[in-house]
Amino acid sequence: MIAGLIPLLFLVFTLVGCAYALWRGDMPERWGVAIYLGGALLTPVAYGTFWPAWHEVNIGVFIIDMMVLAGFVMLTLHYDRYWPIWAASLQLPGLIATIMTFLQLNRDVRAYAHAEGFWAWPTLLVIVIGAARYNRTRIKAIGRQP
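Residues numbered from 1 in each chain as written. Predicted model: local features only at pLDDT ≥ 70, side-chain atom pairs only at ≥ 80, totals over all residues. Heavy atoms only, no water.

Peer 1: Which residues make up the layout of surface pockets, and what are the values?
Peer 2: Size it by volume and the largest pocket reaches roughly 800 Å³. Considering the residues around the largest pocket, the lining is formed by 31 residues, among which Phe 10, Thr 43, Glu 116, Gly 117 and Ala 120 are closest to the centre. For the lining of the largest pocket, the secondary structure elements donating two or more residues are α1 (2-24), α2 (27-49), α3 (59-78), α6 (109-118) and α7 (120-142). Per-element accounting of the lining of the largest pocket gives the leading share, nine residues, to α2. For the second largest pocket, the calculated volume is near 310 Å³. Around the second largest pocket sit Asp 80, Arg 81, Tyr 82, Trp 83, Trp 86, Val 126, Ile 129, Gly 130, Arg 133, Tyr 134, Thr 137 and Arg 138, which together line it. Put simply, the parts of the chain that give the lining of the second largest pocket at least two residues each are α4 (83-89) and α7. Here the element with the most residues in the lining of the second largest pocket is α7; it accounts for seven residues. (1 Å grid on protein atoms, 1.4 Å probe; cavity = no way out; pocket = protein on both sides within 12 Å on 5 of 7 lines; lining within 4 Å. Points joined across faces, edges and corners; volume = space filled by probe spheres on them. Helix = DSSP H or I, 4+ residues; strand = E, 2+ residues; numbered from the N terminus.)

Shown next, in the form of structure tokens:
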């Protein structure tokens, strides 16, 4: 029962978090939402298109994760926000688990499966916190609620 509830909670959290970041954030937060949603929407496509089972590394998901990491690194380099650094760093555990599984240094595919799915949650939380901090800073700068 709980296992079926997690995808629904993820969908709700994604929709609410992305809507908030788009509403309250500025251009970096909007790019962050685009990068995040791109990864979140393309990952199921890669599972359906390539290898849907957890018995081996899904190369399509690995490529998507690398692109998401590159996107957050580019945000880090182009904007003066701290949250893209955190978002980029949250991509690394999943990539490390993927590489370790691919090199057969990790024999437990459950670790790979959990590492792939878990880190999307805190990544979105970091984007939402970044939008909230930007909004709070903007309110202080203009002295009132917009």
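Peer 1: Can you tell me about the confidence of the model for the chain, naming the residues and giving the values?
Peer 2: Fine structural detail should not be taken from predicted coordinates in areas where pLDDT scores are low. Confidence along the chain averages 84 in pLDDT terms, with 87% of residues attaining 70 or more. Mean pLDDT values over the elements of the chain span from 74, in α6, up to 95, in α4. (pLDDT = per-residue confidence, 0-100.)

Peer 1: Residue-level account of the nonpolar core, with values.
Peer 2: The biggest cluster of nonpolar side chains holds 23 residues, and the ones touching the most others in it are Phe 72, Trp 83 and Ile 127. Listing elements by their share of this core, those giving two or more residues are α1, α2, α3, α4 and α7. Looking at this core, the element that brings in the most residues is α3, giving six residues. If near-sequence neighbours (up to four positions away) are discounted, Ile 127 is found in contact with Ala 21, Glu 29, Gly 32, Val 33, Tyr 36, Phe 72 and Trp 83. (Core = buried A, V, L, I, M, F, W, Y, C linked by side-chain atoms within 4.5 Å. Buried < 20%, exposed > 50% of the residue type's maximum accessible area, 1.4 Å probe, protein only. Contact = heavy atoms within 4.5 Å.)

Peer 1: Lay out α6 in plain terms, naming residues and giving numbers.
Peer 2: Looking only at α6, the buried set comprises Tyr 112, Ala 115 and Glu 116. Angularly, the buried residues of α6 cover 100 degrees about the axis, an arc narrow enough to put them on a single face. Facing away from the buried surface of α6 by more than 90 degrees, the exposed residues are Arg 110 and His 114. (Arc of directions from axis to C-beta.)

Peer 1: Give a description of a nonpolar patch on the surface that names residues and reports values.
Peer 2: A surface patch of nonpolar side chains, about 980 Å² in accessible area, is lined by Ile 59, Ile 63, Met 67, Leu 92, Ile 96, Ile 99, Met 100, Phe 102, Leu 103 and Leu 105. Broken down by secondary-structure element, the contributors of at least two residues to the nonpolar patch are α3 and α5 (92-102). Counting residues per element, the nonpolar patch draws most heavily on α5, which supplies five residues. Position of Ile 63 among the secondary structure elements: in helix α3. (Patch = residues over 30% accessible without salt bridge, like charges linked within 9 Å, V, L, I, M, F, W, Y side chains within 5 Å. Areas by Shrake-Rupley, 256 points an atom, 1.4 Å probe, with all protein chains shown as cover. Salt bridge = Lys/Arg side-chain N within 4 Å of Asp/Glu carboxyl O.)

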